[in-house]
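# Coordinate inspection notes
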Amino acid sequence: SARGSKAYFELKEPDGAIRTMLRDGEAQKLYVIDNAKKSVMVMTEQDSKQLVEKQAELRAQMQAQLAKLPAEQRARMEATMLGQLPAPATPPVFSYEKKKALGRKISGIACQDYLVKRDGQPAGEGCFASWKDTGLSAEDFKSTMLKAIPPSATTMLGQSFDAQDNAPGFPVWRSYGNAQGEVTNQTTLKSLSKSALGAEHFEVPKDYEQKSIG
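For the structure given in this document, a descriptive report is provided here. (Residues numbered from 1 in each chain as written. Predicted model: local features only at pLDDT ≥ 70, side-chain atom pairs only at ≥ 80, totals over all residues. Heavy atoms only, no water.)

### Topic: the overall build of the chain
This is how the line gets drawn: Only DSSP runs of H or I reaching four residues or more are called helices, and only runs of E reaching two or more are called strands; each is numbered from the N terminus. When a residue's accessible area, from a 1.4 Å probe over protein chains only, is under 20% of the maximum for its type it is buried; when over 50% it is exposed; and in between it is partly exposed.
Of the regular secondary structure elements, the chain holds five helices and 12 strands. For the chain, with 214 residues in total, the buried portion stands at 33%.

### Focus: a nonpolar patch on the surface
Threshold: Patch membership requires over 30% relative accessible area and the absence of a salt bridge. Like charges are linked within 9 Å, and nonpolar side chains (Val, Leu, Ile, Met, Phe, Trp, Tyr) within 5 Å. Per-residue and other accessible areas were derived by the Shrake-Rupley procedure at a 1.4 Å probe size, with only the shown protein chains allowed to occlude residues. Salt bridges are identified by distance alone: a Lys or Arg side-chain nitrogen within 4 Å of an Asp or Glu carboxyl oxygen.
Taken together, the side chains of Val-32, Met-41 and Ile-213 make up a nonpolar region of the molecular surface, amounting to roughly 210 Å² of accessible area. You can see Met-41 is positioned in strand β5 (residues 39-44).

### A word on the sheet that holds strand β1 (residues 2-3)
Here is the rule we go by: Strand pairing is assigned whenever DSSP identifies at least 2 bridges connecting the two strands. When checking whether two residues touch, look at their non-hydrogen atoms; a contact exists if any pair is within 4.5 Å. Note on definitions: angles span 0 to 180 degrees between N-to-C directions of axes, and those axes are lines fitted to C-alpha atoms, for helices only across the stretch in contact.
Read from one edge to the other, the open sheet built from six strands follows the order β1-β2-β3-β4-β5-β12, with strand pairing classed as mixed. Each edge of the open sheet is held by one strand with a lone partner, namely β1 and β12 (209-212). Of the pairings in the sheet, the one linking β5 to β12 comprises four bridges and is parallel in character. Of the residues in β12, the one forming a bridge with Met-41 is Lys-211. Most of the contacts of helix α1 (residues 45-66) go to β5, to which it runs at about 70°, and overall it touches β3 (18-24), β5 and β12. Of the strands in this sheet, β1, β2 (6-12) and β3 are in contact with helix α4 (residues 138-148), which crosses β2 at around 80°.

### Considering the side chain of Lys-117
What counts here: Under the rule applied, a polar contact is a pair of N or O atoms within 3.5 Å (in protein, one hydrogen donor and one hydrogen acceptor; residues adjacent in sequence only if both atoms are side-chain atoms).
Structurally, Lys-117 can be placed in strand β8 (residues 109-118). A distance of 2.9 Å separates the side chain of Lys-117 from the side chain of Glu-97, its partner in a polar contact. Those residues in contact with Lys-117 that sit more than four places away from it in its chain are Val-93, Phe-94, Ser-95, Glu-97, Pro-122 and Ala-123.

### With respect to α1
Rules: Expected helix span is computed as 1.5 Å times (number of residues minus one). As used here, the arc is the angular range of directions from the helix axis to the C-beta atoms.
Compared with the 32 Å implied by 1.5 Å per residue over 22 residues, the 32 Å span of α1 between its first and last C-alpha is a close match. Those residues of α1 that fall on the buried side of the exposure criterion are Glu-45, Asp-47, Ser-48, Val-52, Gln-55, Arg-59, Met-62 and Leu-66. Angular distribution of buried residues about the axis of α1 spans 160°; they occupy a single face of the element. Those residues of α1 that are exposed and angled more than 90 degrees off the buried face are Glu-53 and Lys-54.

### Side note on α4
Those residues of α4 that sit buried are Ala-138, Phe-141, Met-145 and Ala-148. Along the axis of α4, the buried residues cluster in a sector spanning 95°; they form a single face. In α4, the exposed positions that point more than 90 degrees away from the buried face belong to Glu-139 and Leu-146.

Next comes the structure, spelled out in structure tokens:
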């Protein structure tokens with residue numbers, strides 16, 4: 001949810017606690033709020049950029065070591081080792097090819113299947129509901145996500161949101177793949193609703209201990 005320059009969102013793993021995050025676009029800070037411990041981890045834009053630089057440095061070191069291996073062994077190691085690192089910071093270019101199959105319903109939401117390409121190469125599939133049917137627009141979705149995700153974010157979360165800029169609709173189902181054609185991640189929308197959140201969600205709790213990720 002977005003309010004002014006701030007965005008509030010929650011993530012929950014199947015067997016984990018809810019991770020609450022507040023992104024302040026004006027202050028260029030990301031707050032990771034731990035309600036159980038009453039603490040807040042603060043990541044600045046500079047912290048995010050330094051993390052990207054460290055990841056690029058580590059990737060270069062790994063590639064230098066892998067270059068010394070025989071071709072077949074190098075290919076296997078690259079798929080395993082480099083696949084564990086976030087992709088380079090260069091924003092990927094996504095394109096969508098509509099499949100001939102008729103539309104279907106997932107979680108009761110009508111959607112159309114597409115082949116998704118990343119920089120011209122197959123990168124998975126998706127079933128997208130029209131923006132009209134969801135009551136959202138591509139512009140609103142993009143502006144909200146730009147508030148929520150730091151520009152230098154290189155996680156799959158950031159890349160998948162960036163991809164929706166020119167997507168044919170809202171992703172109801174999404175399958176991600178790597179260069180070897182293996183499925184690496186899948187997401188399915190269970191329900192979709194819109195409601196306003198109270199102003200208190202967009203403020204950092206004042207009685208929580210703040211820690212710098214730096």
